[in-house]
Amino acid sequence: MLRSLEHQRTDRGYVPVYTTSVVEQPWSKYSRVDNDVWGALFQRQREVLPGRACREWLESVERLAMGPYAIPRFSDLNKVLRRATDWELIGVEGLLPERAFCEHLANRKFPVTWWIRKPEQLDYIAEPDLFHDLFGHVPLLLNPVFADYMQAYGAGGVKASDIGPEALMNLTRLYWYTVEFGLIRTSEGLRTYGAGILSSKGESIHCLESAAPNRIGFDLQRVMRTRYRIDTYQKTYFVIDSFESLFTDTRPDLTPIYAKLRDVLPHAAGDVLPNDRVYHRGTGEGWAHDADT
Ligand SMILES: [Fe+2]
């Protein structure tokens, strides 16, 4: 699949790089195969997620009128999003540099990769594609509290990148364990709201039903100190009490926490600590024992 490129002068000469600028969604150019991949993934997750995804996410998919028949148009979704929470989707080529990504979030713009994975990548793709971004992340932008949390995260990310790479790493862990792989406590039991889970059939089941991973109550500093997995299911999932409590807990200035964490070693992804609020202590079955990220 063609991706638009721009050229940049670097120390290796004039090289092509994926553009970091906003790109128009080439909606009419999606092939039959692209739309079928969307449909297959959508249908599969629609069967898996009731009873596993949080109510707010399930309801938002309905409100956005996403369906299996065709890849949604960003412009259609934007009409609903703007009205509800003043968020807007922008098309991008793929992962953005951290600061550029955070600047978009701080301006209530959510970058969505315009291209979708290939049929042979239904179960796993290393980099985020349209399905992950659109199906996993976008629905909760309709929730007013979560929408504000995402903006605050973006503003915090810009600030952290000015402070330094360690501060940004602490904040990235917060994003990872909430926006990508978060669980939420509800009156019906634990549910997921993390996009990395919602866009993966295997992890949607694993995060809630497997005995292997830890499920631990959310604690801001604990999370910011914990390494994670990028290539396997998570060893630990952190459980928030509500979107309101997540937003409240992360609202204060994080600068003193960055300073405090600079001098301490991070926890391994699978550690359970004496003060943890443990919902489930993982058996560790199947864990990779090489280094966590
Ligand atoms: Fe993501």
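Residues numbered from 1 in each chain as written. Predicted model: local features only at pLDDT ≥ 70, side-chain atom pairs only at ≥ 80, totals over all residues. Heavy atoms only, no water.

Caption draft 1: Geometry of the overall build of the protein chain. Counting its regular elements, the protein chain contains 12 helices and nine strands. In terms of overall dimensions, the protein chain is globule-like: its C-alpha atoms have a radius of gyration of 19 Å, near the 19 Å expected for 293 residues. Each principal axis of the C-alpha atoms in the protein chain carries an extent, and together these give about 55 × 50 × 40 Å. Among the 293 residues that make up the protein chain, the fraction classed as buried is 52%. Summarising the internal contacts of the protein chain: among those between residues at least 6 apart in sequence, 68% fall at separations of at least 24. A total accessible area of about 14,100 Å² is found for the protein chain, and carbon and sulfur atoms account for 51% of it. Averaged over its 35 positive side-chain charges, the protein chain has a centre that lies 1 Å from the centre of its 39 negative ones. (Helix = DSSP H or I, 4+ residues; strand = E, 2+ residues; numbered from the N terminus. Rg over C-alpha atoms; globule rule 2.2 N^0.38 Å. Buried < 20%, exposed > 50% of the residue type's maximum accessible area, 1.4 Å probe, protein only. Contact = heavy atoms within 4.5 Å. Areas by Shrake-Rupley, 256 points an atom, 1.4 Å probe, with all protein chains shown as cover. Lys, Arg positive; Asp, Glu negative; His and termini not counted. Charge placed at Lys NZ, Arg CZ, Asp CG, Glu CD.)

Caption draft 2: Up close: the coordination of the iron ion. Coordination of the iron ion by the protein is provided by His-132 (NE2), His-137 (NE2) and Glu-180 (OE), with metal-donor distances spanning 2.0 to 2.1 Å. Judged by its relative accessible area of 11%, His-132 is buried. (Donors = N, O, S within 2.8 Å, 3.2 Å for Na, K, Ca; no water.)

Caption draft 3: Molecular detail of the packing of aromatic side chains. According to the stated counting rule, one finds 16 aromatic pairs in the structure shown. Ring geometry for Phe-101 versus Phe-110: centroids 6.3 Å apart, planes at 75°, classification edge-to-face. For Phe-101, a relative accessible area of 15% gives the class buried. Between Phe-146 and Phe-243 the ring centres are 5.3 Å apart and the planes differ by 65°, which places this aromatic pair in the edge-to-face class. Of the two residues, Phe-146 sits in helix H6 (residues 144-163) while Phe-243 sits in helix H11 (residues 243-249), which places them 97 residues apart along the sequence. The exposure classification of Phe-146 matches that of Phe-243, with both residues buried. (Phe/Tyr/Trp six-rings, centres within 6.5 Å; stacked < 30°, edge-to-face > 60°.)

Caption draft 4: Quick look at the pairing of strand S4 (residues 109-113). Buried residues dominate S4, accounting for four of its five residues. After leaving strand S3 (residues 88-92), the chain enters helix H4 (residues 98-106) and then returns to the sheet as S4, a path that is right-handed. (Right-handed = clockwise from strand over helix to strand, strands pointing away.)

Caption draft 5: Spatial organisation of the nonpolar core. Residues Trp-38, Leu-89, Phe-110 and Leu-134 are the most contacted members of the largest nonpolar core, which totals 82 residues. Aside from chain neighbours lying at most four places away, what touches Leu-89 is Phe-74, Leu-77, Asn-78, Leu-81, Phe-110, Val-112, Leu-134, Val-138 and Leu-141. (Core = buried A, V, L, I, M, F, W, Y, C linked by side-chain atoms within 4.5 Å.)

Caption draft 6: Representation of the pattern of salt bridges in the model. Enumeration over the complete set of coordinates arrives at 16 salt bridges. Across the pair Arg-277 and Asp-241 runs a salt bridge, and its minimum N-O distance is 3.8 Å. Here the residue Arg-277 occupies a position in the loop between helix H12 (255-261) and strand S9 (278-280), and Asp-241 occupies one in the loop between strand S8 (236-240) and H11, the gap between them amounting to 36 residues. With a relative accessible area of 41%, Arg-277 lands in the partly exposed category. A residue is classified by how much of its surface remains accessible, and Asp-241, at 32% relative accessible area, is partly exposed. Taken together, the salt bridges that share partners define one network made up of Arg-55, Glu-56 and Glu-59. (Salt bridge = Lys/Arg side-chain N within 4 Å of Asp/Glu carboxyl O.)

Caption draft 7: Broad picture of the packing of helix H1 (residues 32-48) against helix H9 (residues 201-209). Interaxial distance between H1 and H9 falls to 9 Å at its minimum, and their mutual angle equals 15°. With respect to H9, the element H1 is oriented roughly parallel. You can see that H1 and H9 cross each other, and the crossing is right-handed. Within the contact between the two elements, H1 uses Arg-44, Gln-45 and Val-48 and H9 uses Lys-201, Ser-204 and Ile-205. Residue composition of the contact of H1 with H9, grouped by class: two nonpolar, two polar and two charged. (Axes fitted to C-alpha atoms, helices over the stretch in contact; angles between N-to-C directions. Parallel < 35°, antiparallel > 145°, perpendicular 65-115°, else oblique. Left-handed = near helix turned anticlockwise from the far one by under 90°. Nonpolar A, V, L, I, M, F, W, Y, C, P; charged D, E, K, R; others polar.)

Caption draft 8: Structural context of the sheet that holds strand S7 (residues 214-217). A sheet is described by the order of its strands in space; here five strands give the open sequence S6-S5-S8-S7-S9, paired in mixed fashion. Taken across any chain shown, the strands that pair with only one partner, and hence form the sheet edges, are strand S6 (189-192) and S9. Averaged over all neighbouring strand pairs, the angle between strand axes comes to 35°, with direction disregarded. Looking at chain direction, strand S5 (residues 183-186) and S8 are connected through two bridges and run parallel. Among the inter-strand pairings, Ile-184 is bridged to a residue of S8, identified as Ile-240. Across the sheet, H9 touches S5, S6, S7 and S8, and the angle it forms with S7 is around 70°. (Pairing = 2+ DSSP bridges.)

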